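A closer look at the structure
One letter stands for each residue in the lines below.
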Amino acid sequence: MYTLGIYFYIFFVKLAALFGHKKAKQMLAGHKEVFKVLEEKVKPGTDYVWFHASSLGEFEQGRPMIEKLRSEHPEYRVVLTFFSPSGYNPAKNYQQADIVCYLPFDTKRNVKHFLDILQPKMAFFIKYEFWMNFLLSLNKRSIPVYSVSSIFRKEQAFFKSWGGRYRLSLHCFNKLFVQNEQSRNLLKGININNVEVVGDTRFDRVAKILEQARQLPLVDAFVEGCDKVFIAGSSWGADESIYMQYFNAHKEWKLIIASHEVNDERVKAIEKQYEGLCVRYTRATMDEVREARCLIIDCYGLLSSIYRYATVAYVGGGFGVGIHNVLEAAVYGVPVLFGPNNKKFQEAQALIECGGGVEILGISAFNEKMDAFVSDPLLLASSSKAAGDYVMLNSGASERIFKSLGL
């Protein structure tokens, strides 16, 4: 039934591509090249370590592991695979991997072809990746496979009375490195005991980002002389409807907005809402940014460095699909605000608990919190410190995994 489901999925991807779905077309084009790429680039007799991530977020969790492996074990070569174009496209030129390609669809034929060519020494599947045919075949070939930064909830199929087939995939892992005790207890309840709680490798990633944060002269010029800078990262229209009213009434704040989607339509929508001088990052001069009150980041790749300029940060998605990466902001020691769709994000819940994060339910709640930060510098300072301390206290998962594996 599982393999039949995979074939149905392939059919619907092809159907979507036929009707012009951009991601489906990109995925199919990438899949056509997988085995050609492997046959051209895999060198017989070389020891490959395989990392698989679904998308960009999981790749960010895997990066600390990859970079630590390359630094400490140069005898290994790295193969990095993705399921989604949203992961493959930004990472296809990632220099720490020797080969980057799509993961072929999880059919038995594809699995055999893939593993016959690559013959990895070990494999790491990041967070939610549980491809049954791949896992069963890795297990049958005695290739060690590990789950990294995985997190489990009782609502998942593994823990249902009808989930026996899904539980088979979990038995294939040599070890599951999970984020929390709840996950370990859930797995113990279905007789999965090769589990170790190490935390989330994303903390290691954002700690590295902090070390490598870029100095951005245009942003330096924009914030110069201003001690009230609000940064909205991964912002959606629903988020802007929450915070924009406040900044239209409080021009003492400077506002930096990095939209989740970067296109002319989104930028124009932001410009229309803000009742002041806006400039676009890619078009602005030094003189223009000094005069502006709102800087719109109309390109990708800068947000993780831009958070360093924040007095208060806001991470979007919480009034829609779910919040984006709150750790990228928290690592700089700034309070992080976000919308209510955050319950499945352990780090958001933890930030709320320690005082470094704030759940915003609407416009009035946002306005009240911003006024509180302005009127009470001690509150702002304590919230900022709590956010930064939370990230630093929870880093080190990559080191714990390597120590457990004897690497």
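The structure reproduced in this document is the subject of the present report. (Residues numbered from 1 in each chain as written. Predicted model: local features only at pLDDT ≥ 70, side-chain atom pairs only at ≥ 80, totals over all residues. Heavy atoms only, no water.)

1. A word on the overall build of the protein chain
Counting its secondary structure elements, the protein chain contains 19 helices and 14 strands. The C-alpha radius of gyration computed for the protein chain amounts to 23 Å, which stays within 12% of the reference 22 Å derived for 407 residues, consistent with globular compactness. Each principal axis of the C-alpha distribution contributes one length, and for the protein chain these read about 65 × 45 × 40 Å. Looking at the protein chain residue by residue over its 407 residues, the buried ones come to 54%. Approximately 18700 Å² of the protein chain is accessible, and the part contributed by carbon and sulfur atoms is 52%. The averaged location of the 43 negative side-chain charges in the protein chain is 8 Å from the averaged location of its 49 positive side-chain charges. (Helix = DSSP H or I, 4+ residues; strand = E, 2+ residues; numbered from the N terminus. Rg over C-alpha atoms; globule rule 2.2 N^0.38 Å. Buried < 20%, exposed > 50% of the residue type's maximum accessible area, 1.4 Å probe, protein only. Areas by Shrake-Rupley, 256 points an atom, 1.4 Å probe, with all protein chains shown as cover. Lys, Arg positive; Asp, Glu negative; His and termini not counted. Charge placed at Lys NZ, Arg CZ, Asp CG, Glu CD.)

2. A short note on the sheet that holds strand β13 (residues 336-338)
With parallel pairing, the seven strands of this open sheet are ordered in space as β10-β11-β9-β8-β12-β13-β14. Edge positions in the sheet fall to β10 (278-280) and β14 (357-359), since each of these pairs with one other strand and no more. The mean inter-strand angle of the sheet, taken between neighbouring strand axes irrespective of direction, is 20 degrees. Bridge count between strand β12 (residues 312-315) and β13: three bridges; the pairing is parallel. Paired with Val315 across the strands is Phe338, a residue of β13. Of the strands in this sheet, β8 (229-235), β9 (254-259) and β12 touch helix α11 (residues 237-249), which is tilted by about 165 degrees from β8. Across the sheet, helix α17 (residues 363-375) touches β8, β12, β13 and β14, and the angle it forms with β13 is around 170 degrees. (Pairing = 2+ DSSP bridges. Axes fitted to C-alpha atoms, helices over the stretch in contact; angles between N-to-C directions. Contact = heavy atoms within 4.5 Å.)

3. Focus: the side chain of Arg266
Structurally, Arg266 is set in helix α12 (residues 264-273). With relative accessibility at 13%, the residue Arg266 sits in the buried group. A distance of 3.2 Å separates the side chain of Arg266 from the backbone oxygen of Ser235, its partner in a polar contact. (Polar contact = N/O pair within 3.5 Å; in protein donor to acceptor, adjacent residues only side chain to side chain.)

4. Comments concerning the pairing of β9
β9 sits mainly inside the fold: six of its six residues count as buried. Residue alternation in β9 divides its side chains into two sets, Lys254, Ile256 and Ala258 and Leu255, Ile257 and Ser259, and both sets are buried. One ladder, built from six bridges, connects β8 with β9; its direction is parallel. Within the sheet, the bridge partner assigned to Ile231 lies in β9 and is Ile256. At this point the chain moves from β8, through α11, to the parallel β9, and the crossover so formed is right-handed. Taken together, the four bridges between β9 and strand β11 (residues 294-297) define a ladder with parallel strand orientation. When the sheet's bridge partners are listed, Leu255 is paired in β11 with Cys294. (Right-handed = clockwise from strand over helix to strand, strands pointing away.)

5. Considering the nonpolar core
Formed by 74 residues in total, the largest nonpolar core has its most connected members in Trp50, Phe152, Leu170 and Leu187. Within the second largest apolar cluster, 44 residues are counted, among which are Leu303, Ile306, Leu327 and Ala329. (Core = buried A, V, L, I, M, F, W, Y, C linked by side-chain atoms within 4.5 Å.)

6. Section: the pairing of strand β2 (residues 77-82)
Burial of β2 is extensive: five of the six residues sit out of reach of the surface. With six bridges connecting them, strand β1 (residues 48-53) and β2 associate as parallel partners. By the bridge assignment for β2, Val49 is matched with Val78. Regarding topology, helix α3 (residues 56-72) serves as the crossover connection from β1 to the parallel β2, and that connection is right-handed. As paired elements, β2 and strand β3 (residues 99-102) share four bridges and run parallel to each other. By the bridge assignment, Phe82 is partnered in β3 with Tyr102.

7. Points about unusual backbone geometry
A positive phi is found at Gln119, a non-glycine position, where the angle reads about 50 degrees. A residue is classified by how much of its surface remains accessible, and Gln119, at 53% relative accessible area, is exposed.

8. Regarding the packing of aromatic side chains
Considering all chains together, one arrives at 35 aromatic pairs under this definition. Site record: aromatic cluster; members linked through ring pairs are Trp50, Phe114, Phe125, Phe130, Phe134, Phe152, Phe158, Phe159 and Phe173. Its guanidinium or amino end placed over the ring of Phe402, Lys68 lies 5.4 Å from that ring's centre, counting from NZ or CZ. Sitting over the ring of Tyr309, Arg308 keeps its end group 5.1 Å from the ring centre. (Phe/Tyr/Trp six-rings, centres within 6.5 Å; stacked < 30°, edge-to-face > 60°. Lys NZ or Arg CZ within 6 Å of the ring centre and 35° of its normal.)

Everything listed here is a matter of geometry and, on its own, says nothing about what the molecule does.
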